[in-house]
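Coordinate inspection notes
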Amino acid sequence: MIAIINGRFILPDAKGDFAIVTDKAILCEGERIAAIVDAQEAAALPAESIIDAGGGYVAPGFLNVHVHGCDGMDTMDDDAQALPRMARLQAKTGVTGFLPTTMTCAWTEVETAFAHIRQCMQKQPEGARVLGAHMEGPFISPAKKGAQAEENIRQADFSLVEPWQDVVRIITLAPEELPDPAFVASCEQAGITVSIGHTAADYDTVMDAIEKHGVHHITHLYNAMTPFHHRNPGVVGAALDSASNCEIIADNVHAHPAAQRLLYRAKGGRHIILITDSLRACGIGDGPSELGGQAVFVKGELATLADGTIAGSVATMNRCVAHFWENTGAPLPLVIEMVTKTPAQELGLYEELGSLAVGKRADIVIFDDAVGIQRTIIGGKSLD
Ligand SMILES: [Zn+2]
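Residues numbered from 1 in each chain as written. Predicted model: local features only at pLDDT ≥ 70, side-chain atom pairs only at ≥ 80, totals over all residues. Heavy atoms only, no water.

So, the UniProt feature "active site" (unreviewed entry) in the protein
Here the UniProt-annotated "active site" (unreviewed entry) positions come out as D277. Within the secondary structure, D277 sits in the loop between β18 (272-275) and β19 (287-291). Discounting chain neighbours no more than four positions away, the residues touching D277 are H66, V67, H68, E136, H220, I249 and S313. (UniProt positions renumbered as here; feature names shortened; annotations may be inferred. Helix = DSSP H or I, 4+ residues; strand = E, 2+ residues; numbered from the N terminus. Contact = heavy atoms within 4.5 Å.)

Details of the packing of aromatic side chains
Throughout the structure, instances matching the rule amount to eight aromatic pairs. Look at F158 and F183: their rings are 6.1 Å apart centre to centre, the planes differ by 70°, and that puts the pair in the edge-to-face class. You can see F158 sitting in helix α4 (residues 158-161) and its partner F183 sitting in helix α5 (residues 182-189), a full 25 residues away along the chain. As far as the burial class goes, F158 and F183 line up, both buried. Joined through ring pairs, the aromatic side chains of Y57, F62, W325 and F367 make up one cluster. Residue placement shows R8 over the ring face of Y57; its charged tip is 4.0 Å from the ring centre. Just above the ring of Y350 sits the side chain of K360; from NZ or CZ to the centre is 3.5 Å. (Phe/Tyr/Trp six-rings, centres within 6.5 Å; stacked < 30°, edge-to-face > 60°. Buried < 20%, exposed > 50% of the residue type's maximum accessible area, 1.4 Å probe, protein only. Lys NZ or Arg CZ within 6 Å of the ring centre and 35° of its normal.)

Things to note about the pairing of strand β4 (residues 24-29)
Relative to β4, strand β1 (residues 2-5) runs antiparallel, the two sharing three bridges. Along β4, the bridge assignment pairs I2 with C28. The pairing of β4 with strand β5 (residues 32-38) spans six bridges and is classified as antiparallel. Each residue of the ladder has a partner; that of E29, found in β5, is R32. Connecting β4 to the next strand, β5, in antiparallel fashion are two residues, including G30 with a positive phi near 60°. (Pairing = 2+ DSSP bridges.)

A word on the pattern of salt bridges
A full pass over the atoms with the stated rule returns 13 salt bridges. Residue D71 pairs with R85 through a salt bridge whose shortest N-O separation is 3.4 Å. Of this pair, D71 sits in the loop between β9 (69-70) and β10 (73-74) while R85 is found in helix α2 (residues 82-92), placing the two residues 14 residues apart along the sequence. On the basis of relative accessible area, D71 is assigned to the partly exposed category, the value being 22%. Looking at R85, the relative accessible area reads 31%, which means it is partly exposed. Between R118 and D166 there is a salt bridge; the shortest N-O distance is 2.8 Å. Here the residue R118 occupies a position in helix α3 (residues 107-122), and D166 occupies one in the loop between α4 and β14 (168-173), the gap between them amounting to 48 residues. (Salt bridge = Lys/Arg side-chain N within 4 Å of Asp/Glu carboxyl O.)

Here we look at the coordination of the zinc ion
Around the zinc ion, the protein contributes the donor atoms H66 (NE2), H68 (NE2), E136 (OE) and D277 (OD), at 2.1 to 2.2 Å from the metal centre. In this structure, the zinc ion is surrounded by four donor atoms whose angles at the metal cover 81 to 165°, and the resulting shape is irregular. Of note, the zinc ion draws all its donor residues from one chain, in the sequence arrangement H-x1-H-x67-E-x140-D. You can see H68 sitting in the loop between β8 (62-67) and β9 and its partner D277 sitting in the loop between β18 and β19, a full 209 residues away along the chain. (Donors = N, O, S within 2.8 Å, 3.2 Å for Na, K, Ca; no water. Tetrahedral: all angles 85-135°; square planar, octahedral: opposite > 155°, others 65-115°.)

Thoughts on the pairing of strand β7 (residues 57-60)
Look at any regular strand and the pattern is simple: side chains alternate between the two faces of the sheet. Where strand β2 (residues 8-12) meets β7, two bridges bridge the pair, whose relative direction is parallel. Bridge pairing in β7 links F9 to V58.

Observations concerning the UniProt feature "binding site: substrate" (unreviewed entry) in the protein
Mapped onto this numbering, the UniProt entry gives "binding site: substrate" (unreviewed entry) at A147, N223, A224, R231, H254, I310, A311 and G312. The greatest C-alpha distance among the annotated residues, which extend across 166 residues, is 31.2 Å, indicating that they are dispersed rather than converging on a single site. Among the structural elements, A147 can be located in the loop between β13 (133-136) and α4. With respect to the helices, strands and loops of the structure, I310 is situated in the loop between β21 (302-305) and α9 (317-328). Apart from residues no more than four positions distant in its own chain, I310 is found in contact with V253, H254, L302, A303 and T304.

Following this line, the structure appears as structure tokens:
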């Protein structure tokens, strides 16, 4: 038994909305949250079972549904150490569950990545839980490929995905490239979320996908999609004009603070999922790195190629939370929902994780007013 005391606890209220509560204690037994009690009830427990949050925030562990790499490693590395290293670094940034994200590579390489992910799902490494894969491409638009390799783009075909239904949780695709909308239904039946991204679709095509075919997820809003124009609202317009869940890279590099604010206001604070979309250069500090054979230089939260082009994100989840909180002025509990409850519901895992509630996994993060991570607890065990 451990008891977390002296925190500002971010807990669901009677309606399920997150709110800050003090004078409580969270009791964990084994891997689960056993009880949430009044603070004085924990006072009698032996000192060695007490975790003093020191007045910090105590929240459910963050979920990161779009992350390619960090700590020098990438999901596409055919290296059994890649995901365990990523899992440890993610945990240090407050993440307790993540979807390693594949790139538009040769299909055999994508399958190799899935095999590594499956292995980690069966035998979890120490650190953030590997919850499955986010498959970014290869069913995307060549016109909006971004950093994805065009020669590996191909037509959506469910028979490719079928052997990996237990692994793949999200597929990013371009709806205008879909040969048959039945692909979406096959994915939904298999519990896979289809997400609109890397797409040159117009507003109507995206609204059709959302309203007629039940697509409800948008990959990194604003990036690699048709922008908003007042006579041609594009993917961005459809994303903001619907109840779809929008990912956003809240690093202030990929989306301007004002663009983050517009998303927050258009969505009334709901249907938003913060992601890092980070690359292997994340978490290794300033200096040289590499992306697909090209030299990358990292300084602070900016990673650039030799010619100054942005080379992807080096954001960490706790920094994204801090940025979005500051940029929007949103109440902190609502920002925390964007990295816990909303992604957990999207993945169909909210019964199990994504909030601090009795019976759920004891995946908990403690952080300060600047969202500096003080402690990450996964399955009731505190990570050093
Ligand atoms: Zn990505």
